[in-house]
Amino acid sequence: MRRTVVLLGPPASGKGTQAARFSRAHDFLHFDMGGALREAAAGDSPLAEEIRSYTDAGHLVPDEVVRRLIELMFAANRERDIILDGFPRSMEQAELLEHAMSEAGRELTAAVLIGLPEEEIAIRILNRRVCPVCGKAYNLVTMPPKSDEKCDDDGYPLEHRADDTEEVLKERLAVYKEKTRPIIAHYEAVGVLARVDGTAGVNDVGEQIEKVVLDS
Ligand code: AMP
């Protein structure tokens, strides 16, 4: 059976960086829900505007929208191992994932929680810059681009995400605590949860994740 792995963690814990790293090394599909939603939110359609009204405020986009994205993704990638980044983010979405996996003939292989203290989250968010073209994330202090605020891979000027502000972060953290944290207890109870220390360096965290996933 194909493997399905969930990466959990607060904003800026390194989910995207680690999922990208892991998927390159082990030929997993990296599905980034936040990235998929940002793509769907580009443009002037009513759906794009609706999605932006949630993402810009730090709120979760309605389950009906994310359900469609997840189902399409599973249907288009039946033969792939998959690492999910940013999904599920609530108990309702964990149930929705269970349902979508059983429809696709899959089971959850592992849920990996990247832990990071709150003080560190704010520092990372304010220093985060992303490439608007390929989505690669940088940190101006700990993981800067090689040349002045341009993407190493395609040379585009990096951007500060619209929701990476102190004000929106407060809301995103509140949503994380209220909606996402209960999933951690759930995955722990069913025996699929593993915790890694997100304060370690990128390679170190990556190795912790590899160990957990490849042993599961
Ligand atoms: P991220 O790129 O993971 O930080 O997500 C950015 C924003 O996209 C979040 O603050 C939410 O507004 C939205 N988003 C990402 N993942 C989900 C999800 N699983 N359910 C609903 N909204 C989401």
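Before reading on, note that the structure itself is shown above.
Reading guide: rules and limits
Residues numbered from 1 in each chain as written. Predicted model: local features only at pLDDT ≥ 70, side-chain atom pairs only at ≥ 80, totals over all residues. Heavy atoms only, no water. Phe/Tyr/Trp six-rings, centres within 6.5 Å; stacked < 30°, edge-to-face > 60°. Buried < 20%, exposed > 50% of the residue type's maximum accessible area, 1.4 Å probe, protein only. Core = buried A, V, L, I, M, F, W, Y, C linked by side-chain atoms within 4.5 Å. Helix = DSSP H or I, 4+ residues; strand = E, 2+ residues; numbered from the N terminus. Contact = heavy atoms within 4.5 Å. Polar contact = N/O pair within 3.5 Å; in protein donor to acceptor, adjacent residues only side chain to side chain. Salt bridge = Lys/Arg side-chain N within 4 Å of Asp/Glu carboxyl O. Near = heavy atom within 4 Å. Nonpolar A, V, L, I, M, F, W, Y, C, P; charged D, E, K, R; others polar. Axes fitted to C-alpha atoms, helices over the stretch in contact; angles between N-to-C directions. Parallel < 35°, antiparallel > 145°, perpendicular 65-115°, else oblique.

Attention shifts here to the packing of aromatic side chains. According to the stated counting rule, one finds one aromatic pair in the structure shown. Centre to centre, the rings of Phe-22 and Phe-28 are 4.9 Å apart; their planes meet at 80 degrees, and the pair counts as edge-to-face. The exposure class of Phe-22 is buried, given its relative accessible area of 2%. Residue Phe-28 is classed as buried on the basis of its relative accessible area, which comes to 3%.

Here the focus is the nonpolar core. Ranked by size, the top nonpolar core spans 32 residues in total, and within it Ile-70, Phe-74, Leu-84 and Tyr-187 carry the most contacts. When contributions to this core are tallied by element, the ones reaching two or more residues are β1 (3–8), β2 (28–32), α2 (33–40), α4 (63–76), β3 (81–85), α5 (91–103), β4 (107–115) and α7 (166–189). Every residue in contact with Ile-70, bar those within four places of it in the chain, is listed here: Phe-31, Met-33, Leu-84, Phe-87 and Ala-100. Listed in part, the 13 residues of the second largest apolar core include Leu-7, Val-196, Ala-200 and Val-205.

Within the fold, Arg-129 resides in strand β5 (residues 128–130). Overall, the relative accessible area of 15% leaves Arg-129 in the buried class. Polar contacts involving the side chain of Arg-129 include one to the main-chain carbonyl oxygen of Leu-126, which spans 3.2 Å. In this structure Arg-129 touches Lys-136, Ala-137, Tyr-138, Leu-140, Glu-149, Leu-158, Glu-159 and His-160, once residues within four positions along its chain are discounted.

Scanning all chains against the criterion turns up 16 salt bridges. The shortest N-O distance in the salt bridge between Arg-128 and Asp-164 comes to 2.8 Å. With Arg-128 in strand β5 and Asp-164 in the loop between β6 (137–139) and α7, this pair connects stretches of sequence that are 36 residues apart. In this structure Arg-128 comes out as buried when scored by relative accessible area, which is 14%. Beyond isolated ion pairs, a larger network of salt bridges with shared partners links Arg-128, Arg-161, Asp-163, Asp-164 and Arg-172.

Another aspect to go through is the site of the ligand. Around the ligand, the structure places 16 residues, and the nearest of them are His-59, Gly-86, Arg-89, Gln-93 and Arg-161. In the environment of the ligand, a nitrogen atom lies 2.8 Å from a nitrogen or oxygen atom belonging to the side chain of Gln-93. Side-chain polar atom of Arg-172 to an oxygen atom of the ligand: 3.3 Å apart, as the coordinates give it. Split by residue class, the shell around the ligand holds six nonpolar, five polar and five charged.

For the rest of this paragraph, the subject is the environment of Arg-128. Spatially, the C-alpha atom of Arg-128 lies 27 Å from that of Leu-47, the residues being 81 residues apart in sequence. Here Arg-128 is in contact with Ala-12, Ala-137, Tyr-138, Glu-159, His-160, Arg-161, Asp-164 and Arg-172, once residues within four sequence places are set aside. Polar side-chain contacts of Arg-128 include one of 2.8 Å to the side chain of Asp-164.

This paragraph deals with the packing of α5 against α7. Remark: α5 packs on α7, axes separated minimally by 8 Å, with the N-to-C direction vectors making an angle of 50 degrees. Taken together, the axis directions place α5 and α7 in an arrangement best described as oblique. Contacts from Met-91, Ala-94 and Leu-97 of α5 reach α7 at Lys-179, Pro-182, Ile-183, His-186 and Tyr-187. Classifying every residue of the contact of α5 with α7 by side-chain character gives six nonpolar, one polar and one charged.

From the geometry alone we can't say anything about function, so treat these as descriptive.
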